[in-house]
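# Observations on the three-dimensional arrangement
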Amino acid sequence: MLEETLPVAEDTAIPAEPAGWRLPVFPIVAVAVAMALLALLSYGVVSQGQGPLDKGPAPDFTLTTFDGQTISLSDYRGQVVVINFWASWCPPCREEAPVLERVWRRYRDQGVVFIGVDYIDTEPEALAYIAEFDITYPNGPDLGSRAAADYHIQGVPETFFVTKAGHIAHVHIGPLNEDTLVSWIEQLRRMTNDQ
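Residues numbered from 1 in each chain as written. Predicted model: local features only at pLDDT ≥ 70, side-chain atom pairs only at ≥ 80, totals over all residues. Heavy atoms only, no water.

Broken down by element type, the chain carries five helices and seven strands. Along the chain, helices and strands appear, N-terminal first, in the series α-β-β-β-α-β-α-β-α-β-β-α. Residues classed as buried in the chain amount to 37% of the 195 residues present. Within the chain, counting contacts between residues at least 6 apart in sequence, those at least 24 apart form 74% of the total. (Helix = DSSP H or I, 4+ residues; strand = E, 2+ residues; numbered from the N terminus. Buried < 20%, exposed > 50% of the residue type's maximum accessible area, 1.4 Å probe, protein only. Contact = heavy atoms within 4.5 Å.)

Here the structure, examined in full by the defined rule, presents one disulfide. A disulfide bridge connects Cys90 with Cys93, and the sulfur atoms are separated by 2.4 Å. The S-S bond linking Cys90 to Cys93 shows a torsion near 85 degrees; that makes this disulfide right-handed. (Disulfide = S-S within 2.5 Å.)

Let's shift gears to the sheet that holds strand β7 (residues 168-173). Strands sit in the order β5-β4-β3-β6-β7 across an open sheet of five strands; the sheet is mixed. One side of each edge strand has no neighbouring strand; the edge strands of this open sheet are β5 (139-141) and β7. The sheet shows a mean angle of 20 degrees between the axes of neighbouring strands, direction not considered. Helix-sheet contacts for helix α2 (residues 91-107) involve β3 (80-86), β4 (112-118) and β6 (158-162), and the interaxial angle to β4 is about 155 degrees. (Pairing = 2+ DSSP bridges. Axes fitted to C-alpha atoms, helices over the stretch in contact; angles between N-to-C directions.)

Right, dumping it as structure tokens:
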């Protein structure tokens, strides 16, 4: 009897891992990245203080508005000033935009000034936002986020109420409703110029 010789295939199987325990790399890297981001965010919050500037003299700033005017907060000493930090990409800003414009139109001839500070935005989107809500009070981009840094804003919208004497009386975080906005304006209008 002839024995049939079959060709022998080479063993191409992947050798088994040696016995032992091995950690998957992806979860470790993901946790390390998450912890680094958390540490960075924590540092930013701590380094900026406990929140937005809510008392003391309102930091002066200068904006070139979207229509080309140059304005400074100090130009409005003797008037109540409402400073609103906003962005076109911010849904709560869109919620409060009609309220701000409506109240501005009511008070603009009564010693009250509104200043819109556009935060981390692009000009085309900001201009579209202003047109959409028919915003007529002065608005300009916060180039380099200098005003945002001076006021220690944490996000948008944030609104600062400044007395006639140039001091921060209140900061409102989040979208404003009409009652709150009018209440603060009325309180500040009753104050004297040196308060």
